[in-house]
Amino acid sequence: MEYEASRTMPADGRVVFDIAADTQTMHRWLPGEIDVHEVAPGIAEAEDHARGVDREGVMRTSPERFRLEWGTRGTPDYTGWLQVMDSPGGTSEVVVHLSFLGDQPEATGEAQAHDHAERELRQALDRLAQEVARRAGQPGGG
């Protein structure tokens, strides 16, 4: 099952991407209990401790494309990407796409899991906008 959400950000794409890709502060906007740490330039590992299930993942950064891509290590059951695009007036748009496969509740379309995934996605984008506004020194976030 696929999930996708977008949000206008109160800064240009380079600023937003740099904040979104900062592994030291990702915990401020990511959902749940996800620990991210850089292992090499452009590559990070993550551990998701949500709902009592430990899952390991890997994330790749493409700064020239303003793009992050991630997935579960060793299985294709979960992947995602974040894309930042410049917009007029010094703002930008962030799109996050998640793919769940296998027998995960989010993959089956079960209503409660579906609603939870969509809510977590929107809230993460809202927290990212707040982090961008705070760090870029600009009010709000649209």
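Basis of the calculations
Counting of residues starts from 1 at the beginning of each chain's written sequence and follows it residue by residue. Reporting of local features is limited, given that this is a predicted model, to residues whose pLDDT is at least 70; pairs of side-chain atoms are given and counted only at 80 or more, and all residues count toward the totals for whole chains, interfaces and linings. In computing side-chain values, all of the structure's heavy atoms are included and hydrogens and water are not. We count a stretch as a helix when DSSP gives it H or I for four or more residues in a row; a strand needs E for two or more, and each element gets its number in order from the N terminus. We call a residue buried when its accessible area falls under 20% of the maximum for its residue type, exposed when it is over 50%, and partly exposed in between, using a 1.4 Å probe and counting protein chains only. Contact between two residues is taken to exist if any of their heavy atoms lie within 4.5 Å; hydrogens are not considered. The term nonpolar core refers to a set of buried residues drawn from Ala, Val, Leu, Ile, Met, Phe, Trp, Tyr and Cys, joined through side-chain atoms within 4.5 Å. Two strands form a pair only when DSSP identifies at least two bridges running between them. Here a Phe, Tyr or Trp ring, Trp counted by its six-membered ring, pairs with any other such ring whose centre lies within 6.5 Å, and the pair is stacked when the planes are under 30 degrees apart, edge-to-face when over 60, and tilted otherwise. Only Lys NZ and Arg CZ are tested; either one counts as a charge over a ring when it is within 6 Å of the ring centre and within 35 degrees of the ring normal.

This next bit is on the environment of Leu125. In this structure, Leu125 sits in helix H3 (residues 111–136). Residue classification places Leu125 among the buried positions, given a relative accessible area of 2%. Sequence separation between Leu125 and Glu56 is 69 residues; the distance between their C-alpha atoms is 22 Å. With residues near it in sequence (within four places) discarded, Leu125 still touches Ala5, Ser6, Arg7, Met9, Val94 and Val96.

Here we take up the nonpolar core. Residues Met9, Trp29, Leu82, Val94 and Leu128 are the most contacted members of the largest nonpolar core, which totals 33 residues. When residues of this core are traced back to their parent elements, those giving at least two are strand E1 (2–9), helix H1 (13–20), strand E3 (43–48), strand E6 (78–86), strand E7 (92–100) and H3. Ranked by the residues each element gives to this core, the list is headed by H3, at 7 residues. Discounting residues that sit within four places of it in the chain, Leu128 has contacts with Met9, Ile19, Ala20, Trp29, Leu82 and Val94.

Before going further, it helps to examine the pairing of E6. Two strands pair when backbone bridges link them, and strand E5 (residues 67–72) and E6 are joined in this way by 5 bridges, in the antiparallel orientation. Bridging from a neighbouring strand, Gly71 pairs with Thr79 of E6. Sheet topology note: the E6/E7 ladder contains 9 bridges and is antiparallel. Of the residues in E7, the one forming a bridge with Gln83 is Val95. Joining the antiparallel neighbours E6 and E7 is a turn of 5 residues, in which Gly89 adopts a positive phi near 80°.

Turning to the packing of aromatic side chains, a few remarks are in order. Applying the stated criterion to the full structure yields 3 aromatic pairs. Judged by centre distance (5.9 Å) and plane angle (20°), the ring pair of Phe17 and Phe66 falls under stacked. With Phe17 in helix H1 and Phe66 in the loop between strand E4 (55–62) and E5, this pair connects stretches of sequence that are 49 residues apart. Exposure class is identical for Phe17 and Phe66. Each is buried. Ring geometry for Tyr78 and Phe100: centres 5.0 Å apart, planes at 40°, overall tilted. One end of the pair, Tyr78, is in strand E6; the other, Phe100, is in strand E7, and 22 residues separate them in sequence. This pair shows no difference in class: Tyr78 is buried, exactly as Phe100 is. Among the aromatic residues, ring-to-ring pairing joins Tyr3, Tyr78 and Phe100 into one connected group. A cation sits over an aromatic face here: Arg67 above Trp81, 4.5 Å from the ring centre.

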